[in-house]
Structures are given as C-alpha cells and as structure tokens.
Amino acid sequence: MVTLIMKKLLPTSTAGSLPKPLWLAEPETLWSPWKLKNNELIEGKKDALRIALHSQQLAGIDIVSDGEQTRQHFVTTFIEHLNGVDFEKRKTVKIRDRYDASVPSVVGPVSRQKPVFVEDAKFLRSQTNQPIKWALPGPMTMIDTLYDDHYKSREKLAWEFAKILNQEAKELEAAGVDIIQFDEPAFNVFFDEVNDWGIACLERAIEGLKCETAVHICYGYGIKANTDWKKTLGNEWRQYEEAFPKLQQSNIDIISLECHNSHVPMDLLELVRGKKVMVGAIDVATNEIETPEEVAATLRKALQFVDTDKLYPCTNCGMAPLSREVANAKLNALSKGAEIVRKELLG
Ligand SMILES: [Zn+2]
C-alpha cells in the first residue's frame, strides 16, 4: 500500500478529525456528547464514518481517514478504554500549560485489555482501496490530559502509554492501515521533556511497525484557549526548532505540521530534511476558505525546504470544530491547490 502513496506526487490528506453529522453529536463543539445510544450509536458512528470518507473522496483527497467519527475526543476516547484510569475521580489540571480542564485520574497500572480502534479501522479498510491514515494520541499528549495519582512520574506514565500505543498500532497495521499518526501537540510546549524522553517514547510506540508512521505537531484546534495562546507567541514561532533535530534523527517517517497562516518560519523545515512532511496548507482556526492559489503558495514555499517526493499537502490540524460546509470547502481548496503545484512540477 505504501507504494500506492508514493506513486502520486503531492498526495493530500487531513490531520485527522472532520465535523460530525448533526444527528450524531452537537456540531462545532469539542467533547460533544453523543446524541444516539446503544445500537443506534454503533450504527450511527459507522454511517458517519462512511460520510466522512465520502466527503474526502468527493474532494479528491488521496490518503483518507475515518474523520475521527467514532471518538468524542482525540485523547480521551483512547484513554477511556484503558485500565488504571478512573473517570469518576476527576482533578483540574492545566492542559499544555494553557487552559484548565477537569480530567480523569490514573489510579493504578495502566493497560489495554482489548483493541480500541481496530474494528473501526477494519471497517474503514473495507470501504476503500485508497491509502488510509489512522491517528492515535501520542504518549506525551496523553499524560498531559490526565492527573497521575499512581506513577507520579510523567516519564514513567508516558513510557507505559507508549507500550500500550504500540500494541494498538500493531493491530491497526494488521487491519490494513497504511500510515499511523501520533498526535503530539505537547511537543510544541514541553521542550526539555521532548528531548529527554518524549521522542524516545514515540519511538517505543512505533517499535516493530512496517507501515509508515507520522507525528502531528500543531498549535491546536481553533478554540479560544489556543488562539489566545498564539497571540502571545510573537512574530516568529520557532517552537518546532526544539524538537526537529532529534525528530530528524528518529525512526518516524513523516512529520505533520501547521504552516498556513501561522508564524512558523518555513526555513525550519530544513531541520527535518530527509523526512516526509505533511505541510498544513489549510487554517482550521478560521471559517474563511482558502483559495486554491493560497494553498499552492504555501506548498511552493515549503518546496524550498522539502524534497518534491516528500511533500504531503495537509491541513494544519483537525477540522472537528468547524461546520461541515466549511470543512468540505477547505478539503476542496486543499485538493485544487495541490493540483496546481502538481501540474507545475510535472511541467
Ligand atoms: Zn493538531
């Protein structure tokens, strides 16, 4: 399947989540409760996944995903399936040093009794022959969304999560997933930890995988806490500079980044030369629809620092908090923008 991906120049994909249908969950809301129950919910999630896939196909997206239709939240839903975490015992913590959230507590050894997303991945695989990408939370971002009352060590807990993620990833690979992506927005915040053990944990999570692997590092969904934080970062966002040298040396195949409308200096991409780069050419924090020409301009800039065969046009982050209308229009813009540059490259 990997060869399938490689054949097309500038293969497009999304960072992960897409909006859910109105009948499944409250739109434009994170952690939105399900509107269905029991069997209806099971069926509803499958139908939503079909719609998310169809939207990507209509827009001409090359590497498709489930649009994260079966999860309430990109981190919490995975953790809900693990032993050792008590969702009744909640504590307020500061997520990514940015905003308070009430989170569950780790009360004992963490473990995974059964697969979390493997059935969903099999279902997506059964619906398409296109390359598929599946997102999992990264170990560091997982620990940042919990209160640890057991290990009392961020590093130890992250290491345990890495082992659990590796079990899940191996089963996703066996289910036919072509690219497994770990979401690590925390890599943009905890620089010392990233270099001390964060990247080591990520490599533990991908140990033994034969499919391609990606790490997604962004500046977050377009929610207020994130947009307010971005305003404090100044004119040049150099956060990527901290993790890139070690990531370049790591076994991760693909690095997924926020670019369009951000203040990330594009030349930082030089630090991960040799890796494939999913370049965010769609801003998920605005309802304004990019023109294909704007998308093309971002991709051309990235091409100064990324080899042609390693550039994967993408969105800055997930689009779950957007309306479906806006998300679909953005998917179209991404596809058309990539096509402009593809034509230029092929002369
Ligand atoms: Zn993101």
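Structural data are supplied above this passage.
## As for helix H10 (residues 292-303)
Taking 1.5 Å of rise per residue, twelve residues should cover 16 Å, and H10 covers 16 Å from first to last C-alpha, within 8% of that figure. Where H10 is concerned, the buried positions are Val-295, Ala-296, Thr-298, Leu-299 and Ala-302. One face of H10 carries all of its buried residues, which in axial projection span an arc of 160°. As for H10, its buried residues are in contact with strand S8 (276-280), strand S9 (311-314) and helix H11 (324-346).

## Description of the sheet that holds strand S6 (residues 212-217)
In spatial order, the strands read S3-S5-S6-S7-S8-S9; together these six strands make up an open sheet with parallel pairing. Each edge of the open sheet carries a strand with a single partner, namely strand S3 (133-137) and S9. The sheet shows a mean angle of 25° between the axes of neighbouring strands, direction not considered.

## Concerning the packing of helix H6 (residues 154-174) against helix H7 (residues 191-205)
Across the interface, H6 lies against H7 with an axial gap of 7 Å and an inter-helix angle of 25°. In terms of orientation, H6 and H7 fall into the roughly parallel class. Seen from above, H6 lies across H7 with right-handed handedness. Note on element contacts: H7 touches H6 through Glu-193, Trp-197, Cys-201, Arg-204 and Ala-205, opposite Arg-154, Glu-155, Ala-158, Trp-159, Ala-162, Lys-163, Leu-165, Asn-166 and Ala-169.

## Comments concerning the sheet that holds strand S2 (residues 99-112)
Whether parallel or antiparallel, the strands of a sheet pair through hydrogen bonds between backbone atoms. The mixed open sheet is built from three strands, whose spatial order is S1-S2-S4. Each edge of the open sheet is held by one strand with a lone partner, namely strand S1 (82-95) and strand S4 (147-148). Direction of pairing for S2 relative to S4: parallel, over a ladder of two bridges. Bridge pairing links Ser-105 to Tyr-147 in S4. Across the sheet, H6 touches S1, S2 and S4, and the angle it forms with S2 is around 70°.

## So, unusual backbone geometry
Phi angles above zero are rare outside glycine, and Leu-10 is one such case at about 50°. Within the element layout of this structure, Leu-10 appears in the loop between helix H1 (2-7) and helix H2 (38-59). Phi is positive for Asp-97, which is not a glycine, with a value near 60°. Given 10 C-beta atoms within a 10 Å radius, Asp-97 is considered exposed.

## Regarding the pairing of S6
The buried fraction of S6 amounts to six of the six residues, a majority that puts the element mostly inside the structure. Residue alternation in S6 divides its side chains into two sets, Glu-212, Ala-214 and His-216 and Thr-213, Val-215 and Ile-217, and both sets are buried. Here five bridges tie strand S5 (residues 179-183) to S6, and the two strands are oriented parallel to one another. Within S6, the position partnered with Asp-183 by the bridge is His-216. In this fold, S5 hands off to H7, which returns the chain to S6; that crossover is right-handed.

Calculation rules
Residues numbered from 1 in each chain as written. Predicted model: local features only at pLDDT ≥ 70, side-chain atom pairs only at ≥ 80, totals over all residues. Helix = DSSP H or I, 4+ residues; strand = E, 2+ residues; numbered from the N terminus. Expected span 1.5 Å × (residues − 1). Buried ≥ 20, exposed ≤ 12 C-beta atoms within 10 Å, placed from the backbone. Arc of directions from axis to C-beta. Contact = placed C-beta atoms within 7 Å. Pairing = 2+ DSSP bridges. Axes fitted to C-alpha atoms, helices over the stretch in contact; angles between N-to-C directions. Parallel < 35°, antiparallel > 145°, perpendicular 65-115°, else oblique. Left-handed = near helix turned anticlockwise from the far one by under 90°. Right-handed = clockwise from strand over helix to strand, strands pointing away.

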